[in-house]
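Geometric and topological summary
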Amino acid sequence: MLKRYTQNMMRMLLAVGLLLTSLFAVAEQNPYQLMQQASDKLFADITANQSQIKQNPNYLRTIVKQDLMPYVHVKYAGSLVLGNYFKAATPEQREAFFKAFGNFIEQSYAQVLTFYSKQKVTIEPEKSVEGKNIVNIRVVVEQNNGAAPINLDFKWRKNSKTNEWQAYDMAAEGVSMVETKKNEWSGVLRKDGIEALTAQIEKSASLPITLDKKK
């Protein structure tokens, strides 16, 4: 009886220990480290799979889905894009929109990444995130042809409940994707509603990835 009680206590303590370790790991997340982690994996996979990408450019979507999308807060970004229309939408309409928007982000990032051909990618030095819940992280992509570097700013947000950091926007040379799409799609939302916009986004998200013929 005592032996069984001791074994149960050990299992319980082990479970609690694993839970606390998991929670501590989440609490200790750092957006700069996550950015570096995502960047290293993403560009390493693109470099290692160049022959497959040339044969099937859509394979870039697979890489983006595996390496980048887990770090993207699709629902938060989508709610910013919808703006005031978010509250008016039903839960079903929101979920359909978020799914389409996530696919759109995946397609868009994959298409943008067709420009990558082993350029040097530098993430700005880590800064303190103490007391912050929004952080901008600058990523500089050097150009092989001597042209000016490309500046990308990734916006990360900390979930106040889980302490999890996720990216929700990317600005290329100061142009925010979230703000751009919010302005671009506001007319469709105002005139035709969220379901029409969702259908439009689904169509855009289904476009195949195309490579620059010069590459």
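Residues numbered from 1 in each chain as written. Predicted model: local features only at pLDDT ≥ 70, side-chain atom pairs only at ≥ 80, totals over all residues. Heavy atoms only, no water.

Between its terminal C-alpha atoms helix H9 (residues 194-205) stretches 16 Å, which fits the 16 Å expected from twelve residues at 1.5 Å a residue. Every buried residue of H9 is listed here: Ile 194, Leu 197, Thr 198, Ile 201 and Ala 205. Along the axis of H9, the buried residues cluster in a sector spanning 100°; they form a single face. Among the exposed residues of H9, those oriented more than 90 degrees off its buried face are Glu 195 and Lys 203. If you follow the buried residues of H9, they end up packed against helix H4 (59-67), helix H5 (74-82), helix H7 (91-112) and helix H8 (177-192). (Helix = DSSP H or I, 4+ residues; strand = E, 2+ residues; numbered from the N terminus. Expected span 1.5 Å × (residues − 1). Buried < 20%, exposed > 50% of the residue type's maximum accessible area, 1.4 Å probe, protein only. Arc of directions from axis to C-beta. Contact = heavy atoms within 4.5 Å.)

Contact pair H5 / H7: the axes reach a minimum separation of 9 Å and the direction vectors enclose 105°. Here H7 runs roughly perpendicular to H5, going by the angle between their axes. Contacts between H5 and H7 involve Val 74, Lys 75, Ala 77, Gly 78, Ser 79, Val 81 and Leu 82 from the former and Glu 95, Phe 97, Phe 98, Phe 101 and Gly 102 from the latter. Grouping the constituent residues of the contact of H5 with H7 by class yields seven nonpolar, three polar and two charged. (Axes fitted to C-alpha atoms, helices over the stretch in contact; angles between N-to-C directions. Parallel < 35°, antiparallel > 145°, perpendicular 65-115°, else oblique. Nonpolar A, V, L, I, M, F, W, Y, C, P; charged D, E, K, R; others polar.)

Enumeration over the complete set of coordinates arrives at nine aromatic pairs. An aromatic cluster of at least three residues, connected via ring pairs, comprises Phe 86, Phe 97, Phe 98, Phe 101, Phe 104 and Trp 185. The ring of Phe 86 is capped by Arg 94, whose NZ or CZ atom sits 4.0 Å from the centre of that ring. (Phe/Tyr/Trp six-rings, centres within 6.5 Å; stacked < 30°, edge-to-face > 60°. Lys NZ or Arg CZ within 6 Å of the ring centre and 35° of its normal.)

So, about the confidence of the model for the protein chain. Mean pLDDT over the protein chain works out to 85, with 86% of the residues at or above the 70 mark. Averaged pLDDT values for the elements of the protein chain fall to 34 in helix H1 (residues 2-27) and rise to 97 in H9. (pLDDT = per-residue confidence, 0-100.)

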